[in-house]
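# Descriptive structure summary
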Amino acid sequence: MYGGANADMTAADVRQHSSAIKESDFVIAQLETSIETVIEAFKIAHENGVKTILNPAPMPEVGGLPEELLQLTDIIAPNEHETYLLTNVEISDENSMRHNAVYYFKRGIDTVIITLGSKGSFYMRDNGEMSMVPAFKTKAIDTTAAGDTFIGAMSTRLNKDLTNIEEAMIYGSAASSVTVSRSGAQPSIPHENEVLAILAAHDK
């Protein structure tokens, strides 16, 4: 795993650009950036009513994540393996996904999204709302950046009050189906028109 510029970002860098956070609807972070830096960004977000989305990847194989980080997270979006490393509850069926979600609810996280590869994705909110979102069928060539694409694309469509979360996840699922059908990370991420074309074809 190569973190690139992510690995060099510090909490001081975040503070220097806090105005960008304050003006946002969502702040998304993943763990190629140091946890200290993510916590600082999420603190600024919470102080200014901005929702936080955590993609816990790459997830440490041992040790979990700091409680402070989880308490500052509004939406967490792990895959099956990442959530198992945090909760120690293996994903096998809907009931096990609910058990995973409860782990996060107890730590103050409102919304849990678990990505399941070719099986789609599951979400549950602390108010009991939940659903499965199917994956779009595609020939997978390289799954690199699939999770990043899903979360990034979803957040571009997500209302700040999360009232359209299922619709936004469908958009993210369509986007990630393109990503896995191509080689590479950044070059595989689709443009909006490609995602809309998939959705239009699916609706016919």
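Data block above holds the structure.
Predicted, not measured: the structure shown is a model, and the values here were computed from it.

Let us now look at the overall build of the protein chain. The secondary structure content of the protein chain amounts to nine helices and six strands. Once the C-alpha set of the protein chain is aligned to its principal axes, its extents read approximately 45 × 35 × 30 Å. A sequence separation of at least 24 residues applies to 59% of the contacts in the protein chain between residues at least 6 apart. Side-chain charges of the protein chain comprise 15 positive and 28 negative groups, with the mean position of each set lying 4 Å from the other.

Under the criterion given, the structure shown has one aromatic pair. Its end group placed over the ring of Tyr-103, Arg-107 keeps NZ or CZ at 3.7 Å from the ring centre. It is Arg-157 that lies over the ring of Tyr-171; its NZ or CZ is 4.1 Å from the centre.

Phe-42, Leu-54, Leu-65, Leu-69 and Ile-76 are the most contacted members of the largest nonpolar core, which totals 32 residues. Residue assignment for this core shows that the elements contributing at least two residues are strand S1 (26–30), helix H3 (35–47), helix H4 (67–71), helix H6 (94–105), strand S4 (111–115) and strand S5 (121–125). Counting residues per element, this core draws most heavily on H3, which supplies six residues. Residues in contact with Leu-65, not counting those within four places in the same chain, are Leu-31, Ile-35, Leu-54, Pro-56, Met-59, Pro-60, Leu-70 and Leu-86. Counting residues in hydrophobic clusters, the runner-up holds 15 residues, among them Ile-53, Tyr-123, Leu-162 and Ile-165.

Secondary-structure assignment places Asp-74 in the loop between H4 and strand S3 (75–76). Put simply, Asp-74 is tucked away with no salt bridge, and the nearest opposite charge, on Lys-51, sits 5.1 Å away. Separated by 3.2 Å, the side chains of Asp-74 and His-46 make a polar contact. Look past the residues within four positions of Asp-74 in its chain and what remains in contact with it is His-46, Val-50, Lys-51, Thr-52, Ile-109, Asp-110 and Thr-111.

On to helix H8 (residues 165–179). Counted at 1.5 Å a residue, the expected span for H8 with its 15 residues is 21 Å, and the 21 Å between its end C-alpha atoms agrees. In terms of burial, H8 is largely enclosed, as twelve of its 15 residues are buried. All of the buried residues in H8 are Ile-165, Ala-168, Met-169, Tyr-171, Gly-172, Ser-173, Ala-174, Ala-175, Ser-176, Ser-177, Val-178 and Thr-179.

Criteria and cut-off values
Residues numbered from 1 in each chain as written. Predicted model: local features only at pLDDT ≥ 70, side-chain atom pairs only at ≥ 80, totals over all residues. Heavy atoms only, no water. Helix = DSSP H or I, 4+ residues; strand = E, 2+ residues; numbered from the N terminus. Contact = heavy atoms within 4.5 Å. Lys, Arg positive; Asp, Glu negative; His and termini not counted. Charge placed at Lys NZ, Arg CZ, Asp CG, Glu CD. Phe/Tyr/Trp six-rings, centres within 6.5 Å; stacked < 30°, edge-to-face > 60°. Lys NZ or Arg CZ within 6 Å of the ring centre and 35° of its normal. Core = buried A, V, L, I, M, F, W, Y, C linked by side-chain atoms within 4.5 Å. Buried < 20%, exposed > 50% of the residue type's maximum accessible area, 1.4 Å probe, protein only. Salt bridge = Lys/Arg side-chain N within 4 Å of Asp/Glu carboxyl O. Polar contact = N/O pair within 3.5 Å; in protein donor to acceptor, adjacent residues only side chain to side chain. Expected span 1.5 Å × (residues − 1).

So far we have only geometry, and geometry alone does not tell us how the molecule works.
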